[in-house]
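# Chains, contacts and geometry: an overview
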Amino acid sequence: DAGVIQSPRHEVTEMGQEVTLRCKPISGHDYLFWYRQTMMRGLELLIYFNNNVPIDDSGMPEDRFSAKMPNASFSTLKIQPSEPRDSAVYFCASTAGERNQPQHFGDGTRLSIL
Amino acid sequence: QQPVQSPQAVILREGEDAVINCSSSKALYSVHWYRQKHGEAPVFLMILLKGGEQKGHEKISASFNEKKQQSSLYLTASQLSYSGTYFCGTVLQGAQKLVFGQGTRLTINP
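This is a predicted model, so every value here is computed, not measured. The residue numbers shown here count from 1 along each chain, following its written sequence. Each chain takes a letter, starting from A, and each ligand takes a number, starting from 1, following the order in which they are written. Thresholds applied to this predicted model are a pLDDT of at least 70 for local features of residues and 80 or more for the giving and counting of side-chain atom pairs; totals over whole chains, interfaces and linings are not thresholded and use all residues. Side-chain measures were taken over the full set of non-hydrogen atoms in the model, leaving aside hydrogen atoms and water.

## Notes on the sheet that holds strand β7 (residues 65-71) of chain A
Paired through their backbone hydrogen bonds, the strands of a sheet run either parallel or antiparallel. All names here are of chain A. Using the following cut-off: Strand pairing requires that DSSP identify at least two bridges connecting the strands. Helix and strand assignments follow DSSP, with helices taken as H or I runs no shorter than four residues and strands as E runs no shorter than two, numbered in order from the N terminus. The axes used here are C-alpha line fits, helices contributing only the stretch in contact, and every angle between their N-to-C directions lies in the interval 0 to 180 degrees.
Spatial strand order, β1-β3-β8-β7: four strands in an open sheet with antiparallel pairing. Taken across any chain shown, the strands that pair with only one partner, and hence form the sheet edges, are β1 (5-7) and β7. Geometrically, the sheet is characterised by an average inter-axis angle of 15° between neighbouring strands, direction not taken into account.

## Here's the deal with the state of the cysteines
Residues and elements named next belong to chain A. Definition in use: Any two cysteine sulfur atoms lying within 2.5 Å of each other are counted as a disulfide. Each residue's exposure class comes from its accessible area (1.4 Å probe, protein chains only) as a fraction of the maximum for that residue type: buried when under 20%, exposed when over 50%, partly exposed otherwise.
Under the definition given, this model contains two disulfides over all chains. At a sulfur-sulfur separation of 1.8 Å, the disulfide partner of Cys-23 is Cys-92. The disulfide joining Cys-23 to Cys-92 has a torsion of about -65° about its S-S bond and is therefore left-handed. Here the residue Cys-23 occupies a position in strand β3 (residues 19-24), and Cys-92 occupies one in strand β9 (residues 88-95), the gap between them amounting to 69 residues. The same class applies to Cys-23 as to Cys-92, namely buried.

## Considerations on the layout of surface pockets
Cut-off, in case you're wondering: Points on a 1 Å grid over protein atoms alone make up a cavity when a 1.4 Å probe fits among them but cannot get out, and a pocket when they form an open set with protein on both sides within 12 Å along at least five of seven lines; lining residues each have an atom within 4 Å of a point. Grid points are joined across faces, edges and corners, and a volume is the space filled by probe spheres set on the points. Classification used: nonpolar for Ala, Val, Leu, Ile, Met, Phe, Trp, Tyr, Cys and Pro, charged for Asp, Glu, Lys and Arg, polar for all others including Gly.
Each pocket or cavity is described by its volume, and for the largest pocket that value is around 760 Å³. For the lining of the largest pocket, the secondary-structure elements that each account for two or more residues are β4 (31-38), β9 and β11 (109-113) of chain A together with β9 (84-92) of chain B. Per-element accounting of the lining of the largest pocket gives the leading share, three residues, to β9 of chain B. The residue makeup of the lining of the largest pocket, split by class, is four nonpolar, 14 polar and six charged. Lining the second largest pocket are 13 residues, with Leu-43, Glu-44 and Leu-45 of chain A together with Gln-2 and Val-99 of chain B positioned closest to its centre.

Encoded structure:
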């Protein structure tokens, strides 16, 4: 079975540009999570969805970040405008059920903002 | 709400044992353990749901002490493939989301 699929794997762009990260969860999973990982802050939960509805976006750093899940098989995380401090690895994960089920992570997007 | 992991880093020789601890200041519903190798995604190891519960797979096991709000991950007779960063994630009583600790970097040398 296909795992969580993220694209692109790497993104290098200049400050001020719009960045869109994409995620396809595992089929049948009803929870989707977006994480950001940096050396300084570790693995942070940005937002998560249940059945395509955002449940908790308290981890979204500021208004420059937005996330959508238009259907059960696709989600986007957008940064506009991007800043150098947004450089990080962004992971998407999905699970069937929430608190007592394992999360399956995608390979991540390594984002560099110059 | 972030759990605290200790130690931050461990260096072992192949065949030695290691213990990684994870503690919370609040009552826990569950503890999750993941391992992440350099440049890769975190990979699920196990979930502990009940106080005192122990789970294990081969030479990696874990315990969950609900009263102390702590979990420990045990790696026995470590292998080179065990190298990586180990994360615990905790779900608080009455809460929904998983919060990860800062990680423990484990290095196994031949």
